[in-house]
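# Chains, contacts and geometry: an overview
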Amino acid sequence: MAKKILLDKINIPGIKSYEVYRQNGGYASVEKAIKTMTPDAITEEVKASGLRGRGGAGFPMGLKWSFIDKKSGKPRHLVCNADESEPGTFKDRYLMEHIPHLLIEGMITSSYALGANLSYIYIRGEYMWVYKIIERAIKEAYAAGWLGKNILGSDYSLDLHVHCGAGAYICGEETALIESLEGKRGNPRIKPPFPAVSGLWGNPTVVNNVESISNVPWIVNNSGEEFAKIGLGRSTGTKLISASGHIKKPGVYEIELGITVDEFINSEEYCGGMIDDRPIKALIPGGSSVPILPAHLIYKTAEGEDRLMTYESLSEGGFATGSMMGSGGFIVYNDTACIVRNTWNFAKFYAHESCGQCSPCREGTGWMEKVLYRIETGHGTSEDIDLLWDIQRKIEGNTICPLGDAAAWPVAAAIRHFREEFEYHIQFPEKVKNRNHFVDEPFESIKHLVTK
Amino acid sequence: MENKNYTQVINITPELKSRIDELISHYPADKRKSALLPVLHEVQDAHDNWLSADLMAKVAEILEITPIEVFEVVTFYTMYNQKPMGKYMFEFCLTSCCSLRGAEDMLEYACEKLGIQPGGTTEDGMFSVVGVQCLGACGYAPMMQLGDFYKEHLTPAQIDQIIEDCKAGKIILHDK
Ligand SMILES: Cc1cc2nc3c(=O)[nH]c(=O)nc-3n(C[C@H](O)[C@H](O)[C@H](O)COP(=O)(O)O)c2cc1C
Ligand code: SF4
């Protein structure tokens, strides 16, 4: 069995409850941290671990912590990002639902390291039953003395609360999340100032993903050096992958970084291969915002190397022939999927979720959705592909927050790798009228109609 | 505003008030506004799943902010309804993975079964069917949200069953 850090205890009956979690070594990191370590020593361990943020951007966690402004003397906050709304991603929910105390333990140990006395878990409103699970778990932690005043008799005090959103993907962006936590619309802020200097209520704030924070107890218990031994190169530790699409066993898996994409998709331990053993057509390895990979670039890179489940290997080849680890939202497509339809589906998502502050994003996402819909339903013209390319290029890099880029990249990658499919939709409009067109007749068998 | 035509009886029961006070206590005393999103969820759940202008004004009064501050939030977030919706609101995720696994078929099936259009509500006010964006259940597609819970791995037979259970009052909507 592969190394597990987050899900090693997931099969213990009752691990959801405080008692069972505690009996199985839970909250040990809080004891160790508060009784034997200084806050800075914990930050050093996290730095040594090489842990990279699991929310999507992969920014080194210890480094981020070291930016928090301790000089101003203002109250500091840790905010856990449990907004999880990136299509293809459902791992944080799994952790919170099945082992809620792990996140709470991580929040306490991490808040101690940051010198935060008031911290929040921001969870998307749709996960209402998970919100209730976390709320109850926090009450249990208070009752057992892990939260509140003078934890373990020390002079460290922490209040922790869970806060719910109300249906807005953009609130996963850290500054929008802070606005939302302040009771406002989720409009991202212009950076700088960064949250580490001016975040929640103008106070220094660190925002970290659920999975990132859940790794901290293990690092404190076992040391950053031990953590860095797991994984491969600069991709240290394990990663939760949310696997979905045309695979036999969709679900959440904890992998050691460094296994091959082939093993992840085809082994019994993980996805179990393709449904009905149909051929693989495409892969989105890191959530809807990252570039889609065509079949020939999934198992091997353009250089012919094995494609590995690491930050480096997934992005090997840049945007021309690679993709990104992102949030680990791993979506697998077989030959019945229509890439144009899927790209339109994502464009619709981004158009719906744009907060509307920047014109390139607000207008551009809407135009992309319309043009893609036109192509998908057989009303496209030969200029539309270039028009799409032009729109996405004008969004990228021209907006306040990265949602604009996240909307542009999937369109660019789809055109780059699947241009023939777009052309087919334009040349044979009558053949794409039925929304299941490639279920009835996979593109692979009719491709010759548009390729030279 | 559309909701002009509808009236809503506002009733902040003592239980609701104490829950609101508990939520407000999660934020510093001078940051009551921060409780707005959680408070709106509670208030909406207790008022037939929608928020009238009068109810928003009431929330503003409780949080000591202006009504416009509530209104601008209600209009930003999709989970707040500004008009009455069915008691049982079927929210089908239509984003990528769900769509790949037949989400549109499920939504259409439910609509046909209930005799309504997507976005519509049955005349008796019992059911609404809407399509929504990714709910974070991609591995368990197709699926829908019903109250505080998810119904996953949907099939037409299961949708029939859920409709029956709703009619029989067997579905728990909120985890209070
Ligand atoms: C549009 C958008 C949506 C995002 N959604 C999420 C999310 O749902 N969860 C998350 O952890 N990070 C999300 N992020 C990334 C956060 O802004 C932030 O980088 C992250 O929470 C930092 O945590 P980490 O360093 O532990 O990964 C999103 C970013 C953008 C631009
Ligand atoms: S890029 Fe889009 S989502 Fe981000 S701030 Fe601008 S308009 Fe809002």
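Residues numbered from 1 in each chain as written. Chains lettered and ligands numbered in written order. Predicted model: local features only at pLDDT ≥ 70, side-chain atom pairs only at ≥ 80, totals over all residues. Heavy atoms only, no water.

### Quick word on the side chain of Thr95 of chain B
We apply this condition: Counting from the N terminus, the helices are DSSP H or I runs at least four residues long and the strands are E runs at least two residues long. Exposure classes here rest on a 1.4 Å probe applied to the protein chains alone. A residue is buried below 20% of its type maximum, exposed above 50%, and partly exposed in between. Only heavy atoms enter the contact rule, under which two residues are in contact if any of them lie within 4.5 Å.
For Thr95 of chain B, the position within the fold is in the loop between β1 (88-93) and α5 (96-100). We classify Thr95 of chain B as buried; its relative accessible area is 3%. Sequence-distant contacts of Thr95 of chain B, defined by excluding residues within four places in its chain, comprise Pro87, Asn345 and Phe349 of chain A together with Val132, Gln133 and Cys134 of chain B.

### Looking at the site of ligand 2
Residue and element names in this part refer to chain A. Heads up, the rule is: Residues are classed as near a molecule or strand on a simple rule: at least one heavy atom within 4 Å of it. Only protein atoms enter the 1 Å grid used here. Points where a 1.4 Å probe fits but cannot escape make up a cavity, open sets with protein on both sides within 12 Å along at least five of seven lines make up a pocket, and a residue lines them when an atom lies within 4 Å of a point. More than half of a molecule's atoms within 2 Å of the grid points is what it takes for that molecule to sit in a cavity or pocket. Following the grouping adopted for this structure description, the nonpolar residues are Ala, Val, Leu, Ile, Met, Phe, Trp, Tyr, Cys and Pro, the charged ones are Asp, Glu, Lys and Arg, and the polar ones are all others, Gly among them.
Taken together, the neighbourhood of ligand 2 is formed by 13 residues, with Cys355, Gln357, Cys358, Cys361 and Cys401 sitting nearest. In a pocket analysis with a 2 Å cut-off to the grid points, ligand 2 is assigned to the largest cavity. Residue composition of the shell around ligand 2, by class: 8 nonpolar, 5 polar and no charged.

### Notes on the sheet that holds strand β4 (residues 149-151) of chain B
Residue and element names in this part refer to chain B. Stated formally: Between any two strands, pairing holds if DSSP finds at least two bridges. Here, axes are lines fitted to C-alpha atoms. For helices the fit covers the stretch in contact, and angles between N-to-C directions go from 0 to 180 degrees.
The 4 strands are arranged β2-β1-β3-β4 in an open sheet whose pairing can be described as mixed. Of all the strands in the sheet, just β2 (127-132) and β4 have a single pairing partner and so form its edges. Sheet twist, expressed as the average angle between the axes of neighbouring strands with direction ignored, equals 30 degrees. Of the strands in this sheet, β1, β2, β3 (144-146) and β4 touch helix α7 (residues 156-167), which is tilted by about 160 degrees from β1.

### As for helix α8 (residues 174-181) of chain A
Burial analysis of α8 of chain A places 8 of its 8 residues in the buried class, which makes it a mostly covered element. Those residues of α8 of chain A that fall on the buried side of the exposure criterion are Glu174, Thr175, Ala176, Leu177, Ile178, Glu179, Ser180 and Leu181 of chain A. Along its buried surface, α8 of chain A packs onto α4 (61-66), β1 (77-82), β2 (118-123), β3 (159-164) and β4 (205-209) of chain A together with α2 (36-45) of chain B. Two residues or fewer after α8 of chain A comes Gly183 of chain A, characterised by a positive phi angle close to 85 degrees.

### Things to note about the pairing of β1 of chain A
Residues and elements named next belong to chain A. Within β1, 6 of the 6 residues are buried, leaving the element largely enclosed by the surrounding structure. Residues His77, Val79 and Asn81 line one face of β1 and the alternating positions Leu78, Cys80 and Ala82 line the opposite face, and both faces are buried. Relative to β4, β1 runs parallel, the two sharing 5 bridges. Across the sheet, the residue bridging to Asn81 is Asn209, located in β4.

### Considering the domain arrangement of chain B
Counted only if it meets this: Each domain's extent was defined by an automatic or database domain assignment.
When cut into domains, chain B gives domain 1 (14-76) and domain 2 (88-167). When each unit is reduced to the centre of its C-alpha atoms, the spacing between domain 1 of chain B and domain 2 of chain B is 28 Å.

### Thoughts on the pairing of β3 of chain A
Taken residue by residue, a regular strand's side chains alternate between the two faces of the sheet. Residue and element names in this part refer to chain A. Quick reminder of the rule: Handedness of a crossover is defined as follows: orient the strands so they point away from the viewer, and if the path from the first strand over the helix to the second runs clockwise, the crossover is right-handed.
Of all 6 residues in β3, 5 are buried; the element is thus mostly enclosed. Relative to β3, β2 runs parallel, the two being bridged by 6 bridges. Residue pairing in the sheet places Tyr122 in a bridge with His163 of β3. Handedness of the β2-helix α7 (residues 128-143)-β3 crossover: right-handed.

### Quick look at the site of ligand 1
All names here are of chain A. What counts is decided by this rule: Side-chain atoms alone can form a polar contact between residues adjacent in sequence; in general such a contact is a pair of N or O atoms within 3.5 Å, and within protein one must be able to donate a hydrogen while the other accepts it. Throughout, the Shrake-Rupley method with a 1.4 Å probe supplies accessible areas, and for residues the shown protein chains are the sole cover considered.
Taken together, 18 residues are adjacent to ligand 1, and Gly55, Asn81, Asn208, Asn209 and Ser212 come closest. Here Asn81 contributes a side-chain N or O atom positioned 2.9 Å from an oxygen atom of ligand 1. One of the backbone nitrogen or oxygen atoms of Glu84 is found 3.1 Å away from an oxygen atom of ligand 1. In the complex, 89% of the free accessible area of ligand 1, which totals 610 Å², lies under the protein chains.

### Quick notes on the side chain of Glu179 of chain A
Take Glu179 of chain A: it is sitting in helix α8. In contact with Glu179 of chain A, other than residues within four places in its own chain, are Lys184, Arg185, Asn187 and Arg189 of chain A.

### Quick word on the UniProt feature "binding site: [2Fe-2S] cluster" (unreviewed entry) in chain B
Applied cut-off: UniProt positions are given in the numbering used here, feature names are shortened, and annotations may be inferred rather than shown by experiment.
The UniProt record marks Cys93, Cys98, Cys134 and Cys138 of chain B with the feature "binding site: [2Fe-2S] cluster" (unreviewed entry), using the residue numbering of this structure. Across 46 residues of sequence, these annotated residues stay compact in space, with a maximum C-alpha separation of 9.1 Å. Here Cys98 of chain B lies in helix α5. Apart from residues no more than four positions distant in its own chain, Cys98 of chain B is found in contact with Cys93, Ala103, Ala141, Pro142 and Met143 of chain B. With respect to the helices and strands, Cys138 of chain B occurs in the loop between β2 and β3. Residue contacts for Cys138 of chain B: discarding those within four places in its chain leaves Pro87, Gly88, Thr89, Phe90 and Ser244 of chain A together with Cys97 of chain B.

### Thoughts on the interface of chain B and chain A
For the record, the criterion: Computed with a 1.4 Å rolling probe, the buried area is the accessible surface lost when two parts are put together, summed over both parts. Think of a salt bridge as a Lys or Arg side-chain nitrogen and an Asp or Glu carboxyl oxygen that are within 4 Å of each other.
Taken together, the contact pairs 46 residues of chain B with 63 residues of chain A. Contact with chain A buries area across many residues of chain B, yet Phe76, Leu100 and Gln133 of chain B alone supply 15% of it, more than any other trio. Our count for the contact surface shared by chain B and chain A stands at 8 salt bridges. The salt bridge involving Asp148 of chain B is made with Lys132 of chain A; its shortest N-O contact spans 4.0 Å. Linking chain B with chain A are 31 residue pairs in polar contact (both at pLDDT 80 or more), by the criterion used here. Going through the elements one at a time, α1 (14-24), α2, α4 (67-74), α5, α6 (103-114) and β4 of chain B are the ones with two or more residues in the side of chain B that touches chain A. The residue inventory of the side of chain B that touches chain A, partitioned by class, reads 21 nonpolar, 12 polar and 13 charged.

### Quick word on the packing of α2 of chain B against helix α3 (residues 53-63) of chain B
Residues and elements named next belong to chain B. How we decide: An angle below 35 degrees is treated as roughly parallel, one above 145 as roughly antiparallel, one from 65 to 115 as roughly perpendicular, and anything else as oblique. Each helix crossing is assigned a hand: it is left-handed if the near helix lies turned anticlockwise from the far helix by less than a right angle, otherwise right-handed if that turn is clockwise.
Where α2 meets α3, the axes come as close as 11 Å, and the angle between the chain directions of the two elements is 135 degrees. The orientation of α2 relative to α3 falls into the category oblique. For the pair α2 and α3, the crossing hand works out as right-handed. Residue-level contacts link Leu36, Val39, Leu40 and Val43 of α2 to Leu55, Val59 and Leu63 of α3. Across the contact of α2 with α3, the residue classes break down as 7 nonpolar, no polar and no charged.

### A look at empty space enclosed by the protein
If you roll a probe as big as a water molecule over the atoms, it shows you where there is empty space left. All names here are of chain A. Note the following rule: Grid points are joined across faces, edges and corners, and a volume is the space filled by probe spheres set on the points.
Enumeration according to the criterion identifies 4 cavities of 30 Å³ or more in this entry. Of the volumes computed, that of the largest cavity is approximately 70 Å³. What lines the largest cavity is a set of 13 residues, among which Cys355, Cys358, Cys361, Cys401 and Leu403 lie closest to the centre. Considering only residue class, the lining of the largest cavity consists of 8 nonpolar, 5 polar and no charged.

### Here we look at the domain arrangement of chain A
All names here are of chain A. The assigned domain composition of chain A is domain 1 (18-229), domain 2 (234-334) and domain 3 (339-449). Summarising the inter-unit geometry, the C-alpha centres of domain 1 and domain 3 are found 37 Å apart. Contact with domain 1, which involves 12 residues of that partner, is made by 10 residues of domain 3. Residue composition of the side of domain 1 that touches domain 3, by class: 6 nonpolar, 3 polar and 3 charged.

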